[in-house]
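Structural characterization, general
The primary structure of each chain is shown beneath.
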Amino acid sequence: MKQARKMVALLMALALVALAGCRQKTAPDPSSVLGEPPAAPESSQAPAAPEKSLQQHGQELVSLMAEMVRSSQYTNLYTGDQEVQQLLAAAGEGDFSAPQAVYAIRLPETALDSLLALAGMGSISGFSPELRQVIQARVTSALPTQINAMGGANVLAAASVCTASDCFVSSQPPESVIYLYTYQNAVPAAVSFIPGEGGAVSASGMLILYQGGETMEVTQLRELLEQLGAEMEEVTQ
């Protein structure tokens, strides 16, 4: 419980950092000024490709992070610390080609209430629905960073070197959720998906290097998350 309280305090501090969501901009309707535009010619283009799933979007970010961590030329741009470099080099030896399992991690409002109570900050019920959404998104996106922070400054520094982000539009935007990708011979990776306006979704990824990553079993992580009131379930396609 002491570890959970410490984690909550840091997690809530991280959540105060502004969340850079992505917003879809729409151009003004020309018909409102110029009248009805002429009919567009029929398109002969091929049908649009099927929409990617969240798991596919996340795996693309993981592949990009794997490329980062394997490139000493890239990591040298951000750090010259020997211990940090060793952590990155060890992570770069992993095989990120196909996940062994993928888990969805969610922080329901009941979990946020528990977190706020542990931090001595009252209840989320006192906020408006819009502000509750903001808090939920910020705490969710801060969770991977906090897990790495538990490993100390060097682990957090190493994980921060190889982060990746993306923004895409989805016909079915998700609620705030983290996808945890686990591998047989690689450190886990976490990708946070945060919905924005107009179907926009902001995705941010980070490798989980806490305790060397591969030595942290899924059961251990589940126990840690359950202390915070998080829900974790396997994603099946």
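The coordinates are above.
Heads up: these notes are all about the structure in this document. (Residues numbered from 1 in each chain as written. Predicted model: local features only at pLDDT ≥ 70, side-chain atom pairs only at ≥ 80, totals over all residues. Heavy atoms only, no water.)

**Some remarks on the packing of helix α5 (residues 82-92) against helix α8 (residues 153-161)**
Look at α5 against α8: their axes get within 9 Å of each other, and the N-to-C directions meet at 60°. One way to sum up the angle between α5 and α8 is to call them oblique. Regarding α5 and α8, the two cross each other, and that crossing is right-handed. Counted together, E83, V84, L87 and L88 of α5 and N154, V155, A157, A158 and V161 of α8 form the full contact between these two elements. Among the residues making up the contact of α5 with α8, the classes are represented as seven nonpolar, one polar and one charged. (Axes fitted to C-alpha atoms, helices over the stretch in contact; angles between N-to-C directions. Helix = DSSP H or I, 4+ residues; strand = E, 2+ residues; numbered from the N terminus. Parallel < 35°, antiparallel > 145°, perpendicular 65-115°, else oblique. Left-handed = near helix turned anticlockwise from the far one by under 90°. Contact = heavy atoms within 4.5 Å. Nonpolar A, V, L, I, M, F, W, Y, C, P; charged D, E, K, R; others polar.)

**What to know about a nonpolar patch on the surface**
Among the surface-exposed residues, F127, L131 and V134 lie close enough to one another that they form a single nonpolar patch of about 210 Å² accessible area. Along the chain, V134 turns up in helix α7 (residues 129-149). Residue V134 is classed as partly exposed on the basis of its relative accessible area of 35%. (Patch = residues over 30% accessible without salt bridge, like charges linked within 9 Å, V, L, I, M, F, W, Y side chains within 5 Å. Areas by Shrake-Rupley, 256 points an atom, 1.4 Å probe, with all protein chains shown as cover. Salt bridge = Lys/Arg side-chain N within 4 Å of Asp/Glu carboxyl O. Buried < 20%, exposed > 50% of the residue type's maximum accessible area, 1.4 Å probe, protein only.)

**Here we look at the pattern of salt bridges**
Counted under the stated rule, the structure contains four salt bridges. Here E60 makes a salt bridge to K52, at a shortest N to O gap of 2.6 Å. Residue E60 is classed as partly exposed on the basis of its relative accessible area of 39%. Overall, K52 belongs to the partly exposed group, its relative accessible area being 39%. Between R106 and E233 there is a salt bridge, with the nearest N and O atoms lying 3.1 Å from each other. With R106 in strand β1 (residues 101-106) and E233 in strand β6 (residues 231-234), the pair connects residues that are 127 residues apart, well separated along the chain. Residues joined in a network through salt bridges with shared partners are R106, E175 and E233.

**Quick word on the side chain of Q85**
With respect to the helices and strands, Q85 occurs in helix α5. One polar contact links Q85 to N76, side chain to side chain, over a distance of 2.5 Å. Ignoring any residue separated from it by four or fewer positions in sequence, one finds Q85 in contact with T75, N76 and T79. (Polar contact = N/O pair within 3.5 Å; in protein donor to acceptor, adjacent residues only side chain to side chain.)

**Some remarks on the pairing of strand β5 (residues 200-207)**
Across the eight residues that make up β5, a large majority, seven, are buried. Relative to β5, strand β2 (residues 164-169) runs antiparallel, the two sharing six bridges. Pairing of A164 across the sheet is with G205, part of β5. Taking the residues between adjacent antiparallel strands as the criterion, strand β4 (residues 186-195) and β5 are bridged by four residues, where G198 takes a positive phi near 65°. (Pairing = 2+ DSSP bridges.)

**Structural notes on the packing of aromatic side chains**
Aromatic ring pairs are described here by two measures, namely the spacing of the ring centres and the angle between the planes. Throughout the structure, instances matching the rule amount to five aromatic pairs. Pairing Y179 with F193 gives two aromatic rings, centres 5.4 Å apart and planes at 80°, and the pair type is edge-to-face. One end of the pair, Y179, is in strand β3 (residues 177-183); the other, F193, is in strand β4, and 14 residues separate them in sequence. Judged by relative accessible area, Y179 falls into the buried class, the value being 9%. A network of ring pairs unites the aromatic residues F168, Y179, Y181 and F193 as a single cluster. (Phe/Tyr/Trp six-rings, centres within 6.5 Å; stacked < 30°, edge-to-face > 60°.)

**Focus: the sheet that holds β5**
Overall, antiparallel pairing links the six strands, which are arranged β2-β5-β4-β3-β1-β6 in an open sheet. Unpaired on one side and paired on the other, β2 and β6 mark the two borders of the sheet. For this sheet, the mean inter-axis angle between neighbouring strands, taken without regard to orientation, is 20°.

**Considerations on empty space enclosed by the protein**
The full count for this structure, using the stated rule, is one cavity of 30 Å³ or more. Of the volumes computed, that of the largest cavity is approximately 50 Å³. For the largest cavity, the full set of lining residues is I105, L143, P144, I147, I178, L180, A190, I208 and L221. Listed by contribution, the elements that provide at least two residues to the lining of the largest cavity are α7 and β3. Counting residues per element, the lining of the largest cavity draws most heavily on α7, at three residues. (1 Å grid on protein atoms, 1.4 Å probe; cavity = no way out; pocket = protein on both sides within 12 Å on 5 of 7 lines; lining within 4 Å. Points joined across faces, edges and corners; volume = space filled by probe spheres on them.)

**Side note on the environment of V155**
Tracing the chain through its elements places V155 in helix α8. Sequence spacing of V155 and Y210 is 55 residues, and the spatial spacing of their C-alpha atoms is 6.4 Å. Not counting residues up to four positions away in its chain, the partners in contact with V155 are L87, N148, L209 and Y210.

Read these as geometric descriptors, not functional statements.
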